[in-house]
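Now for the letters of each chain:
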Amino acid sequence: MNERAPAPGGLALIEALVNTLDIATGADRLDTAEGRARFRLAGAAEADVEAARELRESLRAVCLAHAGHPPHRDVTPLGELLAGAPLRVAVDDEGGTASLTGAGPETLHSRVATAVAEALVDGTWLRLKGCESPTCHWAYYDRSPAGRGRWCSMAVCGAREKMRRYRAK
């Protein structure tokens, strides 16, 4: 829906997951084999796909909170969903570089937890936001200098809102 560049680093995974559901039409890419494959859910049990949907909606609520908006509906808090996805710090013995990885089997939840932790460290977490439009709520990475972006697309959602305000005058 938006013309913005994808979010940096692991936030691209989160942005892509949130944007698997088109709220306006109800189309859910997690209903398709191609959509599931992108998140390594191909051949997954329906319970795993439902868990991915629950994670997606909790992430959407957090993105909306980052933009100063209330949750779109009641969701399980993200912290609860990621509590079962512990992280491990891996340190290279030769170079001393460190990285985060999921501890245990790699799941969508562990990859999301890793992405959130890395974004917290590099200061990008709060820039992943949810579109203000109630018929959209698409996730986008806010690259504006002041970090006050409101819509996923100024050409679509922003223009619609500005036109509504104009017509209301």
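Note that the coordinates shown come from a computational prediction; the quantities given were computed from them, not determined experimentally. (Residues numbered from 1 in each chain as written. Predicted model: local features only at pLDDT ≥ 70, side-chain atom pairs only at ≥ 80, totals over all residues. Heavy atoms only, no water.)

### Looking at the overall build of the protein chain
Looking only at helices and strands, the protein chain has six helices and four strands in total. In the protein chain, the order of α-helices and β-strands from amino to carboxyl end is α-α-α-α-β-β-α-β-β-α. For the protein chain, with 169 residues in total, the buried portion stands at 42%. Long-range pairs, those at least 24 residues apart, make up 50% of the contacts in the protein chain with a sequence separation of at least 6. Element-wise, carbon and sulfur atoms account for 55% of the exposed surface of the protein chain, whose accessible area totals about 9300 Å². (Helix = DSSP H or I, 4+ residues; strand = E, 2+ residues; numbered from the N terminus. Buried < 20%, exposed > 50% of the residue type's maximum accessible area, 1.4 Å probe, protein only. Contact = heavy atoms within 4.5 Å. Areas by Shrake-Rupley, 256 points an atom, 1.4 Å probe, with all protein chains shown as cover.)

### Considering the environment of Ala 52
Its place among the elements puts Ala 52 in helix 3 (residues 46-66). Residue class for Ala 52 comes out buried when judged on its relative accessible area of 1%. Counting along the chain gives 35 residues from Ala 52 to Leu 17, while the straight-line C-alpha distance between them is 8.4 Å. Once residues within four sequence positions are removed from consideration, Ala 52 is found in contact with Leu 17, Leu 30, Leu 41 and Leu 108.

### A few points about the packing of helix 1 (residues 11-18) against helix 5 (residues 108-122)
It is at 8 Å that the axes of helix 1 and helix 5 come closest, and there the two elements cross at 125°. In terms of axis orientation, helix 1 runs oblique to helix 5. Judged by the twist between their axes, the crossing of helix 1 over helix 5 is left-handed. The segment helix 1 lies against helix 5, with Leu 11, Leu 13, Ile 14 and Leu 17 engaging Leu 108, Arg 111, Val 112, Ala 115, Val 116 and Ala 119. Taken together, the residues that form the contact of helix 1 with helix 5 break down as nine nonpolar, no polar and one charged. (Axes fitted to C-alpha atoms, helices over the stretch in contact; angles between N-to-C directions. Parallel < 35°, antiparallel > 145°, perpendicular 65-115°, else oblique. Left-handed = near helix turned anticlockwise from the far one by under 90°. Nonpolar A, V, L, I, M, F, W, Y, C, P; charged D, E, K, R; others polar.)

### So, the pattern of salt bridges
All told, the structure shown has 10 salt bridges when counted by the stated rule. Between Arg 53 and Asp 31 there is a salt bridge, with the nearest N and O atoms lying 2.3 Å from each other. Note that Arg 53 is positioned in helix 3 and Asp 31 in the loop between helix 1 and helix 2 (33-38), a separation of 22 residues in sequence. A relative accessible area of 11% places Arg 53 in the buried class. On the basis of relative accessible area, Asp 31 is assigned to the exposed category, the value being 52%. A salt bridge links Glu 57 to Arg 60, with the shortest nitrogen-to-oxygen separation between them at 2.9 Å. Within this pair, Glu 57 and its partner Arg 60 are both found in helix 3, separated by three residues, close to a single helical turn. Arg 60 matches Glu 57 in its accessibility class, with the two residues each being buried. Sharing partners across several salt bridges, the network here consists of Asp 28, Asp 31, Arg 36, Glu 46, Glu 50, Arg 53, Arg 56, Glu 57 and Arg 60. (Salt bridge = Lys/Arg side-chain N within 4 Å of Asp/Glu carboxyl O.)

### Notes on the side chain of His 69
You can see His 69 is positioned in the loop between helix 3 and helix 4 (78-82). When its relative accessible area of 19% is taken as the criterion, His 69 is described as buried. A polar atom in the side chain of His 69 sits 3.5 Å from the backbone oxygen of Ala 67. His 69 has contacts with Leu 64, Gly 130 and Glu 132, leaving out every residue within four places of it along the chain. (Polar contact = N/O pair within 3.5 Å; in protein donor to acceptor, adjacent residues only side chain to side chain.)

### Observations concerning the confidence of the model for the protein chain
Model confidence for the protein chain is summarised by a mean pLDDT of 87, while 88% of its residues fall at 70 or above. Considering each helix and strand of the protein chain separately, the mean pLDDT is smallest for helix 6 (residues 154-168), with a value of 62, and largest for helix 1, with 97. (pLDDT = per-residue confidence, 0-100.)

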